[in-house]
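Below, each chain spelled out in residue letters.
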Amino acid sequence: MERLILFVYQNRAFFTFLVLELFSAWLIVENNAYQGSKFFNSSNGVVATMNAFSQSIRDYFMLSEVNRTLADENSLLKKKLSQKQNELVPIAAVVKDSSLINQYDFVSAKVVNNHVDMVKNFITINKGRDAGIEPGMAVISPLGVVGKVKLVSNHYGVVTSILHVDVMLSAVLKRTEHFGTIHWDGRDPDLVEFKYIPPHVNPAVGDTVVTSGYNAVFPEGVMVGVVDNVVLQKEALFYDIKVKLSQDFRKLSFVTIVKNHNLVEQDSLETVIQKMER
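This one's a predicted model, so the numbers in the text were calculated from it and none came from an experiment.

## Considering the overall build of the protein
Right, on to step 1. Secondary structure assignment for the protein yields seven helices and twelve strands.
Right, on to step 2. A separation of at least 24 residues holds for 57% of the contacts in the protein among residues at least 6 apart in sequence.
Right, on to step 3. Accessible area for the protein stands at about 17900 Å²; split by element, carbon and sulfur atoms hold 60% of it.

Laid out in structure tokens, this is it:
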């Protein structure tokens, strides 16, 4: 404290000069309209710039919460859209089947671990049994198909990524409505194979590929990707088709888990008919 007092005392002439300068500037601004308006306009500009900068910093640190909110809203909108689509199905309009209209529920989750560099890739999410997540549920993103839930604990789940050499997914060529099977060959995480499309179909580069809805896991019409390459070998029974995935798995951040309330009923019925045919 003594050093501070000594410093002020030794530089008293400078501090006196500074105070007088500030007082003179205040008198000029206070008693002259033009100088006053210039000063306040400049100070407002500086304050606005500082406020904008500080707000941008706050926005940056709030991105995680904003993304979580948007993911929850997206899940709610998916549920409403699914209900609306099912309401438009003719049989639903006739019998008012609430189980059909409310067939799907959607739960958002954050990706906490993800791999794309192995032949069998898995994704870890921060939702588990406590959120109603169960093995076998479909996992999608706002951009397309992601995979299927394999294991769950109370608070976490492990998802088998579509980038897994053992995963098969029923899909349909949207333009022609011919269906086939999506399979990853373990190489490029941006491309998957679209198998079992016969020569008479004439697929084209740029065609959209979506889920077929032929199984009880994925809803119909979820985006898979677009046709990137089409080759038909001589005397081949099917095309060699490469599909570029709509979801870049390197940038996967939030996902949506799809709950099909009719899954058990459909699986049970299909199991019964398979046993009857044996």
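Resuming the write-up.
## Concerning the pairing of strand β10 (residues 223–231)
Right, on to step 1. In this sheet, β10 lies alongside strand β9 (residues 208–211) in antiparallel orientation, the contact comprising three bridges. Directly across from Val 209, in β10, lies its bridge partner Gly 225.
Right, on to step 2. Where β10 and strand β11 (residues 240–245) come together, six bridges link them in antiparallel fashion. Within β11, the residue paired with Val 227 across the bridge is Val 243.

## Quick word on the side chain of Asn 260
Right, on to step 1. Mapped onto the secondary structure, Asn 260 falls in strand β12 (residues 254–260).
Right, on to step 2. Ignoring sequence-local partners within four residues, the contact set of Asn 260 consists of Gln 103, Tyr 104 and Ala 216.

## Let's talk about unusual backbone geometry
Note on backbone geometry: most residues besides glycine have negative phi, and most peptide bonds are trans.
Right, on to step 1. A positive phi is found at Glu 177, a non-glycine position, where the angle reads about 65°.
Right, on to step 2. Along the chain, Glu 177 turns up in the loop between β6 (168–173) and β7 (178–183).
Right, on to step 3. A positive phi is found at Asn 202, a non-glycine position, where the angle reads about 60°.
Right, on to step 4. If you trace the backbone, Asn 202 turns up in the loop between β8 (191–195) and β9.

## Observations concerning the nonpolar core
Right, on to step 1. Within the largest apolar cluster, 43 residues are counted, with the highest numbers of intra-cluster contacts made by Ile 182, Phe 194 and Val 209.
Right, on to step 2. If you tally residues by element for this core, the top one is strand β1 (residues 104–114), at five residues.

## Focus on the packing of aromatic side chains
Right, on to step 1. Applying the stated rule across the entire model yields three aromatic pairs.
Right, on to step 2. With a centroid separation of 6.4 Å and an interplanar angle of 35°, the aromatic rings of Tyr 104 and Phe 106 are classed as tilted.
Right, on to step 3. The exposure class of Tyr 104 is buried, given its relative accessible area of 11%.
Right, on to step 4. Given the relative accessible area of 14%, Phe 106 is considered buried.
Right, on to step 5. Seen from their ring centres, Phe 179 and Tyr 214 are 5.0 Å apart, and the 80° between their planes marks the pair as edge-to-face.

## Observations concerning the environment of Val 217
Right, on to step 1. You can see Val 217 is positioned in the loop between β9 and β10.
Right, on to step 2. Distance in space between the C-alpha atoms of Val 217 and Lys 259 is 8.3 Å, their sequence separation being 42 residues.

## Considerations on the sheet that holds β1
Right, on to step 1. Ordered by their spatial adjacency, six strands build a closed barrel running β1-β2-β5-β4-β3-β12, and the pairing between neighbours is antiparallel. Adjacent strand axes in the sheet meet at a mean angle of 45°, parallel and antiparallel pairs treated alike.
Right, on to step 2. One ladder, built from three bridges, connects β1 with strand β2 (residues 120–125); its direction is antiparallel. Paired with Val 111 across the strands is Ile 125, a residue of β2.

## Some remarks on the confidence of the model for the protein
Detail in the predicted coordinates should be disregarded across regions flagged by low pLDDT.
Right, on to step 1. Per-residue confidence for the protein gives a mean pLDDT of 79; residues scoring 70 or more make up 67%.
Right, on to step 2. Confidence over residues 89–101 falls short of pLDDT 50; this stretch has twelve contacts with residues more than four positions distant or in other chains.

## Considering the pattern of salt bridges
Right, on to step 1. Here the structure, examined in full by the defined rule, presents seven salt bridges.
Right, on to step 2. Residues Asp 166 and Lys 120 are paired through a salt bridge, measuring 3.3 Å at the closest nitrogen-oxygen approach. With Asp 166 in the loop between β5 (157–164) and β6 and Lys 120 in strand β2, this pair connects stretches of sequence that are 46 residues apart.
Right, on to step 3. For the salt bridge of Lys 195 with Glu 193, the shortest nitrogen-to-oxygen distance reads 3.5 Å.
Right, on to step 4. Look at Lys 195 and you get partly exposed, because its relative accessible area is 27%.
Right, on to step 5. One continuous salt-bridge network, built from bridges that share partners, spans Asp 185, Glu 193, Lys 195 and Lys 242.

## Thoughts on a nonpolar patch on the surface
Right, on to step 1. There is a patch of nonpolar side chains on the surface, built from Met 1, Leu 4, Ile 5, Phe 7, Val 8, Phe 14, Phe 15, Phe 17, Leu 18 and Leu 22 and spanning about 1000 Å² of accessible area.
Right, on to step 2. Elements with a contribution of two residues or more to the nonpolar patch: α1 (2–10) and α2 (12–31).
Right, on to step 3. Looking at which element gives the most residues to the nonpolar patch, the answer is α2, with five residues.
Right, on to step 4. Within the secondary structure, Phe 7 sits in helix α1.
Right, on to step 5. Look at Phe 7 and you get partly exposed, because its relative accessible area is 46%.

About the criteria used
- Residues numbered from 1 in each chain as written.
- Predicted model: local features only at pLDDT ≥ 70, side-chain atom pairs only at ≥ 80, totals over all residues.
- Heavy atoms only, no water.
- Helix = DSSP H or I, 4+ residues; strand = E, 2+ residues; numbered from the N terminus.
- Contact = heavy atoms within 4.5 Å.
- Areas by Shrake-Rupley, 256 points an atom, 1.4 Å probe, with all protein chains shown as cover.
- Pairing = 2+ DSSP bridges.
- Core = buried A, V, L, I, M, F, W, Y, C linked by side-chain atoms within 4.5 Å.
- Buried < 20%, exposed > 50% of the residue type's maximum accessible area, 1.4 Å probe, protein only.
- Phe/Tyr/Trp six-rings, centres within 6.5 Å; stacked < 30°, edge-to-face > 60°.
- Axes fitted to C-alpha atoms, helices over the stretch in contact; angles between N-to-C directions.
- pLDDT = per-residue confidence, 0-100.
- Salt bridge = Lys/Arg side-chain N within 4 Å of Asp/Glu carboxyl O.
- Patch = residues over 30% accessible without salt bridge, like charges linked within 9 Å, V, L, I, M, F, W, Y side chains within 5 Å.

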